[in-house]
Amino acid sequence: MPEDNRELRRRRRKRCLMYLLLLAVFKIGIILLLTLTLMRIRTPKFRVSSAAFGAFTYSAAADPSFDITLYAELAVKNTNFGRYKFDSTTVYFSYDGADVGSALVPGWTARARSTRKIRVQVVIEIFHPKPKPIDDTRRRMKVELSSAGLADRVQVKRDLEAGVLPLNSRAAVNGEVEVLRVFKRKKTAEMDCFLAINLVERSTGYLSCQ
């Protein structure tokens, strides 16, 4: 009988050790899962999500020109499990390498795993040194695009005659991703978008962002 009791206790200790080992493996798995998901901080994406147009004039005559008001909706997409608080920045719109418009983007916060739409409308005057924001609840910002100052009028004339005006938008927004209010990492989201304006239909013919 004593030997049977010792064998029973030995089996119980062995079973207990096995359970403790399984529990330790489970905890390690949970920690690895959290490390690979919650703690893996990715760079947010910053892009033009849509565009519409207001005032719209252009001419492909001997002295080609264009003057277009663009309403752009911007988006900061945050795929992290923590909020992304970013600073204000400026978005530049260019044609053939020359800036033809710009817009101020206010600092904001994109919540965890969400997309922040820019809700403040900003009126930009091309050569105004300090663009002023307008208190407005619409989710678009206003950009005035002008051909004033462009040197290559030949290329402008060709594009206007073809009915398609190609534009590029670029910007960089600095911010900080905060996970569980403990882990913080600075991240810079860069915008690099291409927009083709259909002059005949006064609409966005093509929009792509990298």
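Every value quoted in this text rests on a predicted model; they were computed, and no experiment measured them.

Criteria and thresholds
Residues numbered from 1 in each chain as written. Predicted model: local features only at pLDDT ≥ 70, side-chain atom pairs only at ≥ 80, totals over all residues. Heavy atoms only, no water. Core = buried A, V, L, I, M, F, W, Y, C linked by side-chain atoms within 4.5 Å. Buried < 20%, exposed > 50% of the residue type's maximum accessible area, 1.4 Å probe, protein only. Contact = heavy atoms within 4.5 Å. Disulfide = S-S within 2.5 Å. Helix = DSSP H or I, 4+ residues; strand = E, 2+ residues; numbered from the N terminus. Pairing = 2+ DSSP bridges.

K.L.:
Break down the nonpolar core for me, citing the residues and quoting the values.
P.N.:
If you look at the biggest cluster of nonpolar residues, it comprises 40 residues, and the most contacted ones within it are Phe-46, Phe-66, Ile-68, Leu-70, Leu-74, Leu-145 and Ile-197. Those residues in contact with Phe-46 that lie beyond four places of it in its chain are Leu-74, Ala-75, Val-76, Thr-89, Val-91, Val-105, Ala-171, Val-173, Ala-189, Glu-190 and Met-191.

K.L.:
Any chance you could break down the state of the cysteines for me, citing the residues and the numbers?
P.N.:
If you walk through the whole model with that rule in mind, you get 1 disulfide. Across a sulfur-sulfur distance of 2.0 Å, Cys-193 and Cys-209 are joined as a disulfide pair. Torsion about the S-S bond of the Cys-193 and Cys-209 cystine: about 105°, corresponding to right-handed handedness. Separated by 16 residues along the polypeptide, Cys-193 in strand S11 (residues 183-198) and Cys-209 in strand S12 (residues 203-209) bring together distant segments of the chain. When sorted by exposure, Cys-193 lands in the same class as Cys-209, which is buried.

K.L.:
Account for the pairing of S11, naming residues and giving values.
P.N.:
In this sheet, S11 lies alongside strand S10 (residues 164-179) in antiparallel orientation, the contact comprising 16 bridges. Note that in S11 the partner of Val-164 across the bridge is Asn-198. Linking S10 to S11, which pair antiparallel, is a turn of 3 residues; within it Leu-180 sits at a positive phi near 55°. The sheet contact formed by S11 and S12 spans 6 bridges and is antiparallel.

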